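Observations on the model geometry
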Amino acid sequence: VTMELADGRVHCVECVGGDGTSAAELRQVLVECARALPFMRESIPKGYTTVKDACLAHEWGRVAVPMEEAVEVLRGQCEGQTVDVHGALGFWSLLGFMLVHDDWLLPRPTDMIDLVRPLVHHDPLAALDKTLARARPSAAAQDASADWVVPGFAKLGRDEQAGVRRMVERLVHDKVLCEELQAHLRGWKDASKPERDALLGVLVQFGLVVSHDVGGEAGRSGAGGDAREWLCTCRMDSRPGRKWDEQKWKDFVRDETQNVSVVRYTFGHAPSALFPHIIASQMSNWEYKAGYRRRSELESGMLSVEIQATAERHEFFQLALTKGADGATQIVVAASSVGLLRSLCACVERVASWRFPGLSLAVQVHFSGADGACVWRIGADMTLGRILASKDWDRSVRVELLEPRETVSMKTREIFMAAPGIFFSHSWKDRSIQVGPFIRDQIEMRMRELVWYDEQMMSTEDQFQARMNEGISNAWAVFVFLSLEALSSGNCLREICQARERQLDPTANTRIIVFAMEKEVTYAEIAAWPVKSFTFFSAKDRVPRTVHARTVKWVKEHLLGVNIYQEWVEGRPDDPEKQSQALDRIISNLRKPLDRPADSKPPPEFEIENQGEVWILGTKGDAELPAEALVPPHSAGTTAVAPAKAAPPAATTAATAADETPQSSVGTTAGTSSELPAAAPVEPSATTEVDATDKLGIEVETAPQDPAGATADPLQTPVDKGETQLPREVKAFLEERNLQLSQRDEAALVQLGVGALDDLSFLDEQALEGVGLKKVLAAKLLQAIRLRIAEQAPAVQPTPSPTPWAPPPPKRSGCCTLS
């Protein structure tokens, strides 16, 4: 586009070509494209044109009008007609005749030009000087453009002039508009504060300004105070700057040794508004507001930002607009962490595709590998933002070594040095499988930190133990999803043990966050445990497992000092608001300095051992426990009980019996003593056992025992016909999937606890084969169950909802007989 300045006005001389005809041709192409739009030639209510004509003819006297006021005025001018004024204004707003923003109407959008003019003036300080010069009696006539910034500047007092000049200097050098300056700018000074807020909202919508909140620098206006501020991206120089310098990046992050991946986006043609829109989109991102600390000035074509992620951790990123070796426009993205790089790349690609569709884009990732400098050129069939979002760190790609020139294969993990800073310790057999992904996504989004969750990180690794140790060693925070399953699992106990060791290590500064997955492991319940071994039945495979007395003692000594969050306890109704508040507290606490009490004692040493099928976590050198504490009160395979608790006071017995889900206090220090005398455990009859869905007293009927005490095989024992009947909804589901089950197979599903359709989600291959289902039939049944779960999964939203969603707990009903 060729422009020229003549008679004080800017004229478009030529577009696209240089032969003088392409401007008309371009206009004709635009008209033809508009006429080809699908809604052209559609009928609209005649009243719509009446509303448009009345709106354009009315003298409003201001740029922004409250919507309700505008509707009343236009209804008065459309007397005798039944017109949907709101719908008409919305329709013409889409076509650009007027602009509707929130609860405001801008009858003539071109009036916004007068509001933008002082913000983008090429030399507002010189305009102030011209205003002063014009005010002198001997001054000749001056250019009227002197009043385009601060009209009446010469009439202000000397102190007020100095304050306004300082604020204009910030507008020029820092690209920052403070609220107090708006009261002096041309076009803004005549608007009320609500109108100014509405007009600023319009500018934010179009990416011309962005709310400016950068820690201690906010509010640094000429008059001081806590005035609101906006970053004027419309003042940014959109011309490519100098070549991006990696040394300047290392000077900025104060780390000469940091190995960082640098992403270069090359555009065949880059509109001048592209880079300012990317800056506006990134800096308006709500998840960074709390930690922004902008250290460098907003230079020409470059933004350098420091973020305080936690009290101990700072993150850095740079966005730069440069020219490539071939003269093409490039946007360079550099970040100090993979989580931050992922957010930046997603921002660049989102703005480029949404606001400027059709741009040709090539992506290169420059990084330092083991053999020297490397380049990964990403093909047009994939986007880097999508690759980083999927966290596919084991993806093999072809990269180019610069010296010597050759192509090699690498994993994306090697390119981005993906070392997650947060580790999730959980069991695959409890509720954490449902709530873990939700909490992971929230933490990654709001903390800009990768989470080590073995759904992605460990499931395909051969050396599980080595990778687990590496994950915890690199983590500065460990999230423990606590359950009885976790306390009986060797891998979970190793993870919890190593996390506690690093928490006690003064050089590691590792934090531990504990989530209770079931009511038996809430703070109040653990505090009431006696130091004894106990057995429970696994909810997933119905196999008895034991939590050893030494593990119980260790948990009471080392986890009761940690705040145990119980907002995700199984069996309680999900409360998204409380869960969101809990995550807010967690993130807020993670950002605070680690409060480590002064202790000269060396930290204790822990040990993990295995006795048969029982895993034990304990402290080295602990006193031996009594023999009766080491043996579960019931033999494995016949009963399953959680640790017995002290009997409640008589006054509260009835209330406790009426409430099957007692509420446990979170983080309270006045818990029940661990040495309280335990009430005698309930001795079940020969035909009862405690069900895994409620390990504290719900009993279910089970198969009879022979005189020797062994449990008879339920599939070889005649069973009453009524007990083998599957619910109708389960049978309908099986028939719909063409799964024909014999009466024996149905009896097997009943024995596995299938009393409702949702109970099918707990079945796995091992459980089905264990009750005698044929492999082919078991495989078909599991495939049908997976498809049902996938169909019921909620759709993934493109942007996070303000209120987090957590999956509801599964229903467990059917074969239980309460006694």
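Preceding block: the structure.
Along every chain, residues carry numbers that run from 1 in the direction the sequence is written. Confidence filtering applies because this is a predicted model: local features only for residues at pLDDT of at least 70, side-chain atom pairs given and counted only at 80 or more, and all residues used for totals across whole chains, interfaces and linings. Calculated side-chain values reflect all of the structure's heavy atoms, with hydrogen atoms and water omitted.

We now examine the overall build of the chain. Where helices and strands are cited, they refer to DSSP runs of H or I of at least four residues and of E of at least two residues respectively, numbered from the N terminus. In terms of regular secondary structure, the chain is built from 27 helices and 28 strands. It only takes one pair of heavy atoms within 4.5 Å for two residues to be counted as in contact. Partitioning the intrachain contacts of the chain with sequence separation of at least 6 by distance along the chain shows that 68% fall at a separation of at least 24. Approximately 41,000 Å² of the chain is accessible, and the part contributed by carbon and sulfur atoms is 52%. Note on areas: these come from Shrake-Rupley sampling with a 1.4 Å probe, and a residue is covered only by the protein chains present in the view.

Once that is clear, we can look at the sheet that holds strand β21 (residues 511-516). Any two strands with at least two DSSP-identified bridges between them are counted as paired. With respect to topology, five strands assemble into an open sheet ordered β19-β18-β20-β21-β24, the strand pairing being parallel. Each having just a single partner strand, β19 (451-452) and β24 (564-565) make up the two edges of the open sheet. Interaxial angle, 0 to 180 degrees, is taken between N-to-C directions of lines fitted to C-alpha atoms, where a helix line uses only the stretch in contact. The strands touched by helix α18 (residues 490-504) are β18 (422-425), β20 (477-482) and β21; relative to β18, the strand with the most contacts, the crossing angle is about 140 degrees. Where helix α21 (residues 576-591) meets the sheet, it contacts β20, β21 and β24, and its direction lies at approximately 170 degrees from that of β21.

Our focus in this paragraph is the pattern of salt bridges. Just to be clear on terms, a salt bridge is a Lys or Arg side-chain nitrogen sitting within 4 Å of an Asp or Glu carboxyl oxygen. Within the structure shown, the criterion is met by 22 salt bridges. One salt bridge in this structure joins R62 and E195, with 3.7 Å as the shortest N-O distance. Of this pair, R62 sits in the loop between α2 (46-57) and β3 (65-66) while E195 sits in helix α9 (residues 193-205), and the two are 133 residues apart along the sequence. We note a salt bridge from R585 to E567, for which the minimum N-O separation is 3.3 Å. Of this pair, R585 sits in helix α21 while E567 sits in the loop between β24 and α21, and the two are 18 residues apart along the sequence. Each of E179, K193, D197 and R228 takes part in a single network of salt bridges with overlapping partners.

Let's shift gears to the nonpolar core. Within the largest apolar cluster, 49 residues are counted, with the highest numbers of intra-cluster contacts made by Y265, W376, L384 and F416. No other element matches the nine residues that helix α12 (residues 338-354) contributes to this core. In plain words, nonpolar cores are sets of buried Ala, Val, Leu, Ile, Met, Phe, Trp, Tyr and Cys residues tied together by side-chain atoms within 4.5 Å. Exposure categories follow from relative accessible area, calculated using a 1.4 Å probe and restricted to protein chains: below 20% of the type maximum is buried, above 50% is exposed, and the middle band is partly exposed. Membership of the second largest hydrophobic core comes to 35 residues, among which are A475, L493, V521 and I526.

For the pair α2 and helix α4 (residues 85-94), interaxial distance at closest approach is 9 Å and the crossing angle is 75 degrees. Here α4 runs roughly perpendicular to α2, going by the angle between their axes. Taken together, the residues of α4 that come into contact with α2 (itself represented by Y48, T49, V51 and K52) are V85, G87, A88, L89, F91 and W92. Under the scheme applied here, ten amino acids are nonpolar (Ala, Val, Leu, Ile, Met, Phe, Trp, Tyr, Cys and Pro), four are charged (Asp, Glu, Lys and Arg), and all others, including Gly, are polar. Taken together, the residues of the contact of α2 with α4 sort by class into seven nonpolar, two polar and one charged. When describing relative orientation, an angle under 35 degrees is termed roughly parallel and one over 145 degrees roughly antiparallel, while 65 to 115 degrees is termed roughly perpendicular and anything else oblique.

Interaxial distance between helix α3 (residues 67-77) and α4 falls to 10 Å at its minimum, and their mutual angle equals 110 degrees. Relative to α4, α3 is oriented roughly perpendicular. Contacts from M67, E68, V71, L74 and R75 in α3 reach V85, H86 and L89 in α4. Class assignment of the residues belonging to the contact of α3 with α4 gives a composition of five nonpolar, one polar and two charged.

Think of a sheet as strands paired side by side through backbone hydrogen bonds, with each pair either parallel or antiparallel. Here we have three strands laid out as an open sheet, ordered β6-β8-β7, and antiparallel in their pairing. The open sheet terminates on both sides in strands that have one partner only, identified here as β6 (176-178) and β7 (210-211). Where β7 and strand β8 (residues 229-231) come together, two bridges link them in antiparallel fashion. Paired with S211 across the two strands is W230, which belongs to β8.

A separate point is the packing of aromatic side chains. Note on ring pairs: Phe, Tyr and Trp rings are taken, using the six-membered ring of Trp, and paired if centres are within 6.5 Å. Classes follow the plane angle, with under 30 degrees stacked, over 60 edge-to-face and the rest tilted. Counting across every chain of the model gives 13 aromatic pairs. With a centroid separation of 4.9 Å and an interplanar angle of 75 degrees, the aromatic rings of F91 and W92 are classed as edge-to-face. Given the relative accessible area of 6%, W92 is considered buried. Taken together, a centroid distance of 5.5 Å and an interplanar angle of 65 degrees make the contact between W529 and F534 edge-to-face. The exposure class assigned to W529 is buried, which follows from its relative accessible area of 2%. Relative accessible area serves as the criterion here: at 1%, F534 is assigned to the buried category. Linked through ring pairs, F424, Y453, F479, F481, F515, Y565 and W568 together constitute an aromatic cluster. Criterion for a charge above a ring: Arg CZ or Lys NZ at most 6 Å from the ring centre, at most 35 degrees from the ring normal. For the cation-ring pair, K52 lies above W92, with the distance from its terminal atom to the ring centre recorded as 4.8 Å. Taking the ring centre of F97 as reference, the NZ or CZ of K52 above it sits at 4.9 Å.

A separate point is the environment of D102. Within the secondary structure, D102 sits in the loop between β4 (99-101) and β5 (104-106). D102 sits 99 residues away from G201 along the chain, and the two C-alpha atoms are 8.7 Å apart. Here a polar contact is taken to be a pair of N or O atoms separated by no more than 3.5 Å, where protein atoms must pair a possible hydrogen donor with a possible acceptor and residues adjacent in sequence count only if both atoms sit in side chains. Within polar-contact distance, the side chain of D102 engages the side chain of H101 at 3.4 Å.

Our next topic: unusual backbone geometry. Here the residue pair E403 and P404 is connected by a cis peptide bond, since its omega of -10 degrees sits within 30 degrees of zero. Within the element layout of this structure, P404 appears in the loop between β16 (396-401) and β17 (406-411). Of note in this structure, D102 is not a glycine but carries a positive phi near 50 degrees.

This paragraph deals with a nonpolar patch on the surface. Taken together, the side chains of L37, F39, M40, L56, L94, L95 and F97 define a hydrophobic patch exposed on the protein surface, amounting to about 640 Å² of accessible area. Summarising the element assignment, F97 is placed in the loop between α4 and β4. The patch calculation keeps residues exceeding 30% relative accessible area without a salt bridge and links them within 9 Å when they carry like charges or within 5 Å when they are nonpolar (Val, Leu, Ile, Met, Phe, Trp, Tyr).

This part is about α9. The span you would expect from a helix comes to 1.5 Å times its residue count less one. Along its 13 residues, α9 runs 18 Å from first to last C-alpha, staying within 8% of the 18 Å computed at 1.5 Å per residue. Restricting attention to buried positions, one finds in α9 the residues E195, R196, A198, L199, L200, G201, V202 and L203. Taken together, the buried residues of α9 touch β4, β5, α5 (112-120), β6, α8 (179-182) and β8. Remark: G207 follows α9 within two positions and exhibits a positive phi of approximately 75 degrees.

Let's shift gears to the environment of A627. Looking at where A627 falls in the secondary structure, it is placed in helix α22 (residues 627-630). Residue class for A627 comes out exposed when judged on its relative accessible area of 58%. Considering only alpha carbons, one finds A627 and K532, 95 residues apart in sequence, at a separation of 9.7 Å.

The subject of this paragraph is the pairing of strand β15 (residues 372-378). As judged from the seven bridges shared by strand β14 (residues 361-369) and β15, these two strands associate in the antiparallel manner. Bridging from a neighbouring strand, F367 pairs with C374 of β15. Pairing between β15 and β16: two bridges, direction antiparallel. Each residue of the ladder has a partner; that of V375, found in β16, is E400.

Note that all results are geometric; they support no functional claim without further evidence.
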